[in-house]
Every structure is written in structure tokens, then in C-alpha cells.
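Residue strings, one per chain:
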Amino acid sequence: MTSYKVLSNNFSVGKQGEVLDSALLDGCNIEALVEAGHLAEVSAKVSKTVTSEQEK
Amino acid sequence: MAQLVLKNAYITVNGVTLSNRANSVELNYEVESVEVTAFGGNRSFVGGLQNNTTTIEFMQDFAAANVEATIFPLVGTQTTLILAADGGAVSATNPFYTVSGTYLASHTPVAGAVGELAMTSLTFTGGTLVKTTS
């Protein structure tokens, strides 16, 4: 599930700085909200994969 | 409740509160009439599809995340509107109207004559209207 951070102070679904799951944005045109500067997609953190010697 | 003067109408477009940039709003809730008149009777109709139209007059604002930034990417797409006669809490005497899946065909980013306030008049068509009282 994609998450979005609220950037603007006039977005009624969430407060500025809040991170919302896309499920909460049902009915909203998310693409337009991102383009308008109301939301920014929150990138998922990529965890480092440690490869052990045995796997090599 | 007595007469109501619109002073604090509530308007969100695509989840964005733009009440303080609008000075006119009109939601026309319509269900098309389908004729079922048969021989031997008079004109008779049943309800068909919803055919809703919402017109909002916005004072243009090019500031970040404001009128123009919010509206421009919506042209040619469907979105959701939430409207109420007053921005207070939803109640039986202050119902909220949600129009989902309504289509915006056009927008006039620059419009007006010399000396006039820059406005953009938007007409949203179609969609499904739901009234909420609690």
C-alpha cells in the first residue's frame, strides 16, 4: 500500500505533515493531488540485504 | 430553522478545502425522467439515472496548493466534491452533500476584464450524490 505525506494546510483528509495510506484517499484523484503539491509519495525504506559468505 | 443566508458555505474539491476562495456555489441534483407512457394512459415517468451538475465560482489564486494548482490537474478527470450550506458540523439541519465521480471538462485559468477580479467558473457534471446528516 502506498503512503502519502500531506504537504499543504488545506487538505481536508489529513493535517500537514501527516502520512496517509492510499486507502484513506478513496475517491480522491491522487495523481492530481501530487501534481498540485498537496501530497508527496512516501518512499518505502529499502532494507539492506546482507549476503553471507555461504550464499556466495 | 428560519431563512438561511449563505455566509460560510463549505466546499472541498478533491479533498482540498477551497471555501475561502469561492463566492458562489450551486449543486443541482437531478434524476432523469424516463417516460413509461402506454396507450390508454396519460404521461407517466419513472426515475432514471442521476444527472448532477455543480457550478462553483472561484476567485483565482495561483499560490502553491491553492485554486489553480488544485484545479488544473483535474481537468479531464473525475473527482469528489463535498458541499454544505455551512462549514459547521454535519447534522440534520446542516447536511453535507458528497458528489463522487464527477467530471470536470474545462477550466479558465485566466479570465476577466480590466479592473475585474480574476475568476474561474467550474462546472462538474455527472457522478453520484449522497446526502449525509450525521
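Preceding this section is the structure that the text describes.
Think of each chain on its own: its residues are numbered from 1, step by step along the sequence as written. All chains are assigned letters beginning at A, and all ligands numbers beginning at 1, according to the order in which they are written. With pLDDT at 70 or above as the cut-off, local features in this predicted model cover only qualifying residues; side-chain atom pairs require 80 or more to be listed or tallied, and sums for whole chains, interfaces and linings still use all residues.

K.L.:
Which residues make up the overall build of chain B, and what values do they have?
P.N.:
Along its length, chain B carries 1 helix and 10 strands. The secondary structure listing takes helices from DSSP runs of H or I that are at least 4 residues long and strands from runs of E that are at least 2 residues long, numbered from the N terminus. When its helices and strands are written in sequence order, chain B yields β-β-β-β-β-β-α-β-β-β-β. By principal-axis analysis of the C-alpha atoms, chain B measures approximately 60 × 35 × 25 Å. Out of the 134 residues belonging to chain B, those deemed buried represent 25%. Our contact criterion uses C-beta atoms placed from the backbone: two residues qualify when those atoms are within 7 Å. Partitioning the intrachain contacts of chain B with sequence separation of at least 6 by distance along the chain shows that 62% fall at a separation of at least 24. Each residue is classified by how many other C-beta atoms fall within 10 Å of its C-beta atom, where C-beta atoms are placed from the backbone; a count of 20 or more means buried, 12 or fewer means exposed, and values in between mean partly exposed.

K.L.:
Could you give an account of the overall build of chain A, naming the residues involved and the relevant values?
P.N.:
Secondary structure summary: chain A contains 1 helix and 3 strands in total. Listing every helix and strand of chain A by position from the N terminus yields β-β-α-β. Split into buried and exposed, the 56 residues of chain A put 21% on the buried side. Taking the contacts inside chain A whose residues are at least 6 apart along the sequence as the reference set, 37% of them involve residues at least 24 apart.

K.L.:
Which residues make up the nonpolar core, and what are the values?
P.N.:
Linking buried Ala, Val, Leu, Ile, Met, Phe, Trp, Tyr and Cys residues through C-beta atoms within 7 Å yields a set, and such a set is a nonpolar core. With 29 residues, the main nonpolar core has I11, L18, L81, L83 and L122 of chain B as its most contacted residues. Of all the secondary structure elements, the ones that give two or more residues to this core are strand 1 (3-6) and helix 1 (30-36) of chain A together with strand 1 (10-13), strand 6 (53-59), helix 1 (67-71), strand 7 (77-84), strand 8 (96-104) and strand 9 (119-125) of chain B. Per-element tally for this core: the top contributor is strand 7 of chain B, with 4 residues.

K.L.:
Account for the interface of chain A and chain B, naming residues and giving values.
P.N.:
With 16 residues of chain A at the interface, the matching set in chain B holds 15 residues. By the convention adopted, Pro, Cys, Tyr, Trp, Phe, Met, Ile, Leu, Val and Ala count as nonpolar, Lys, Arg, Asp and Glu as charged, and the other residues, Gly among them, as polar. Of the residues in the side of chain A that touches chain B, the class split is 7 nonpolar, 7 polar and 2 charged.

K.L.:
So what's going on with the sheet that holds strand 3 (residues 39-42) of chain A? Which residues, and what values?
P.N.:
Residue and element names in this part refer to chain A. In short, DSSP must find at least two bridges between two strands for them to pair. The strand order across the open sheet built from 3 strands is 2-1-3, with neighbouring strands paired in antiparallel fashion. For this open sheet the edge positions go to strand 2 (19-21) and strand 3, each flanked by a neighbour on one side alone. Across the sheet, the axes of successive neighbouring strands diverge by a mean angle of 35°, strand direction being ignored. Alignment of strand 1 against strand 2, held across 3 bridges, turns out to be antiparallel. Between N-to-C directions, angles span 0 to 180 degrees; the directions come from axes that are lines fitted to C-alpha atoms, helices contributing only their stretch in contact.

K.L.:
Can you break down the environment of G40 of chain B residue by residue, with the values?
P.N.:
Mapping G40 of chain B onto the fold places it in the loop between strand 4 (31-35) and strand 5 (45-50). A C-alpha to C-alpha distance of 51 Å links G40 of chain B and G87 of chain B, two positions 47 residues apart in sequence.

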